[in-house]
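Coordinates in review
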Amino acid sequence: MTKITAAITAVGKYVPEYILTNKMLEKIVETNDEWITSRTGIKERRILKGEGKGTSYMAIKAAQQLIDKKKLDPKEIDLVIVATATSDMKAASTAVYVASEIGATNAFGFDLDAACSSFLYGMSVASSYIESSRYRKILLIGADKCSSMINYEDRATCIIFGDGAGAVLFEPNTKGLGLQDEYLRSDGMGRNFLGAKAGGSKYPITKEAIDKGQQFVYQDGKTVFKNAVFNMADVTVKILEQNNLTNNDVTWLAAHQANKRIIEATAKRINLDASKVMMNIQKYGNTTSATLPLLLADYEQQLKKGDTIIFAAFGGGFTWGAIYFKWAYN
Ligand code: COA
């Protein structure tokens, strides 16, 4: 029997129009463009403005762009997964609403939250469904309205995060293209260093929590940085070793856009030339679940059938991992 692999066959993206530049942040918190650029590589980020607009707004736009480009009948979609750490609402999956709004009336949907690794883990889940032949068309959307959980008086976090969405379509492939292998990890001690304390079931939102700003993301930047550098580089090495690959076999590194220095450290660890490292952090900052599909959308024109892409991510929790992938179209 022919082996079925899970390939990406289309990509779409959406970023909000409003641009928050480093210069603008200089007027809000005590920081400066030079500091932000040299420490993170970020020059600007997009912010979703407008009453009642949540993550689904961007997810729908990214999905619609993909549907239009691919000339896809949304009724053919079997499953919609929204990878996100900022779902629209509690107890009502964002993916379900997105599926309805894009006309995927034959699909079911669910959200997947593993902070900044959500999309990477989503690739694993979508691929497993495709490989099992249970479903044939899976829309995986990475979308986050990070601005909804950021305190714009906290310079440790507000300079980093931005809003955005990217979508990919997974379909069966019989030529061996698509997801080849994965190495996924997590460690629960990470919740002490990155996360929003209040708003979940452990500490529901109260007036007191709001007064203390506990609904916002807290980050111990140094600890997160150290763990991200070590772990993202480590899994990148592991996925190469596991598949007997060298840096010469890698066409692209698509790493979670958390910090330019973290991405460069990962590339350095496998001796990968900068020309092979996808980078768009300067434009969008860290969009959490959207960074990987936004990279694919921005680099789509340069990707060729058979290209080897190593995906790597690190996020809150902590969660991290790497995926070895073969691109399926020109
Ligand atoms: N603007 C200007 N100065 C700032 C600043 C800002 N936004 N934030 C911190 N500083 C100051 C600090 O107060 C400190 O001053 P001091 O030396 O006088 O005490 C100095 O800059 C260095 O701060 P530090 O926290 O050591 O900076 P850093 O080099 O670790 O960079 C981060 C800070 C947040 C950019 C970095 O730790 C980081 O990127 N961490 C990982 C974040 C991340 O990726 N999160 C998401 C994971 S998915």
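Presented here is a report on the structure given in the accompanying data block. This structure is a prediction, so every number in the text was calculated from the model and none was measured.

Turning our eyes to something else, we now look at the overall build of the chain. Counting its regular elements, the chain contains 11 helices and 13 strands. For the chain, the C-alpha radius of gyration of 19 Å lies close to 20 Å, the compact-globule estimate for 330 residues. When its C-alpha atoms are laid out on the principal axes, the chain stretches across 60 × 45 × 35 Å. The proportion of buried residues among the 330 residues of the chain is 55%. Taking as baseline every contact in the chain between residues at least 6 positions apart, the subset at least 24 positions apart corresponds to 76%. For the chain, the accessible area works out to roughly 14700 Å², and carbon and sulfur atoms hold 49% of it.

Moving on to the state of the cysteines. Using the criterion set out here, one finds zero disulfides in the structure. Of all cysteine sulfurs, the one in C116 lies closest to C146, which takes part in no disulfide; the gap is 7.0 Å. Note on C146: relative accessible area 0%, which makes it buried.

The next point concerns the side chain of S127. Position of S127 relative to the elements: it lies in helix 5 (residues 118–131). A polar side-chain atom of S127 sits 2.7 Å from the main-chain carbonyl oxygen of M123. Ignoring any residue separated from it by four or fewer positions in sequence, one finds S127 in contact with A6, F170 and L179.

So, about the packing of aromatic side chains. Scanning all chains against the criterion turns up 11 aromatic pairs. With a centroid separation of 5.0 Å and 45° between ring planes, the pair formed by F314 and F318 is classed as tilted. The residues F314 and F318 share a single accessibility class, namely buried. By way of ring pairs, the aromatic residues F108, F110, Y129 and Y135 are connected into one cluster.

Our focus in this paragraph is the packing of helix 8 (residues 221–242) against helix 9 (residues 260–269). Viewed as axis vectors pointing N to C, helix 8 and helix 9 meet at an angle of 35°, and their least axial separation amounts to 9 Å. Pair helix 8 / helix 9 crosses with right-handed handedness. Residues F225, A228, V229, F230, M232, A233, D234, T236 and V237 of helix 8 pack against R261, I262, A265, T266 and R269 of helix 9. Of the residues contributing to the contact of helix 8 with helix 9, the split by class is nine nonpolar, two polar and three charged.

Turning to the layout of surface pockets, a few remarks are in order. Taken as a whole, the largest pocket encloses approximately 1500 Å³ of empty space. Mapped onto the lining of the largest pocket, the elements with two or more residues apiece are strand 9 (194–196) and strand 10 (217–219). Among the elements that make up the lining of the largest pocket, the one with the highest residue count is strand 9 (three residues). The residues that make up the lining of the largest pocket include at least three from each of domain 1 (5–176) and domain 2 (180–326). By volume, the second largest pocket is sized at about 640 Å³. If you go around the second largest pocket, you meet 28 residues; those closest to its centre are I160, Q219, G221, K222 and N259. Elements supplying a minimum of two residues to the lining of the second largest pocket: helix 2 (33–40), helix 6 (155–158), helix 8, helix 9 and strand 12 (308–315). For the lining of the second largest pocket, the element with the highest residue contribution is helix 8, accounting for six residues. A per-class count over the lining of the second largest pocket returns 14 nonpolar, nine polar and five charged. The residue makeup of the lining of the second largest pocket includes at least three contributed by each of domain 1 (5–176) and domain 2 (180–326).

Turning to the side chain of S124, a few remarks are in order. With respect to the helices and strands, S124 occurs in helix 5. By relative accessible area, S124 is classed as buried at 9%. Apart from the residues lying within four places of it in its own chain, the contact partners of S124 are L179, E182, L184 and I323.

Read from one edge of the open sheet, five strands run 1-7-6-4-5, paired in mixed fashion. Every interior strand has two partners, whereas the edge strands, strand 1 (5–14) and strand 5 (108–112), have only one. Averaged over all adjacent pairs, the angle separating strand axes in this sheet is 20°, with direction ignored. Bridging between strand 4 (residues 79–83) and strand 5 involves five bridges; their strand directions are parallel. Bridging from a neighbouring strand, L79 pairs with F108 of strand 5. Running at roughly 115° to strand 1, helix 3 (residues 55–70) makes contact with strand 1, strand 6 (138–145) and strand 7 (163–173) of the sheet. The sheet strands contacting helix 11 (residues 291–299) are strand 1, strand 6 and strand 7, and the helix crosses strand 1 at an angle near 85°.

Quick look at the sheet that holds strand 11 (residues 252–255) now. The four strands are arranged 8-13-12-11 in an open sheet whose pairing can be described as mixed. Two strands lie at the open edges of the sheet, namely strand 8 (178–186) and strand 11, each paired on one side alone. For this sheet, the mean inter-axis angle between neighbouring strands, taken without regard to orientation, is 15°. Bridge count for strand 11 against strand 12 is four bridges, and the pairing is parallel. Looking across to strand 12, one finds that A254 is bridged to F311. Where helix 5 meets the sheet, it contacts strand 8, strand 12 and strand 13 (319–326), and its direction lies at approximately 130° from that of strand 8. Set on the sheet, helix 11 makes contact with strand 11 and strand 12; between it and strand 11 the angle comes to about 140°.

Quick notes on the rules
- Residues numbered from 1 in each chain as written.
- Predicted model: local features only at pLDDT ≥ 70, side-chain atom pairs only at ≥ 80, totals over all residues.
- Heavy atoms only, no water.
- Helix = DSSP H or I, 4+ residues; strand = E, 2+ residues; numbered from the N terminus.
- Rg over C-alpha atoms; globule rule 2.2 N^0.38 Å.
- Buried < 20%, exposed > 50% of the residue type's maximum accessible area, 1.4 Å probe, protein only.
- Contact = heavy atoms within 4.5 Å.
- Areas by Shrake-Rupley, 256 points an atom, 1.4 Å probe, with all protein chains shown as cover.
- Disulfide = S-S within 2.5 Å.
- Polar contact = N/O pair within 3.5 Å; in protein donor to acceptor, adjacent residues only side chain to side chain.
- Phe/Tyr/Trp six-rings, centres within 6.5 Å; stacked < 30°, edge-to-face > 60°.
- Axes fitted to C-alpha atoms, helices over the stretch in contact; angles between N-to-C directions.
- Left-handed = near helix turned anticlockwise from the far one by under 90°.
- Nonpolar A, V, L, I, M, F, W, Y, C, P; charged D, E, K, R; others polar.
- 1 Å grid on protein atoms, 1.4 Å probe; cavity = no way out; pocket = protein on both sides within 12 Å on 5 of 7 lines; lining within 4 Å.
- Points joined across faces, edges and corners; volume = space filled by probe spheres on them.
- Domains from an automatic or database assignment.
- Pairing = 2+ DSSP bridges.

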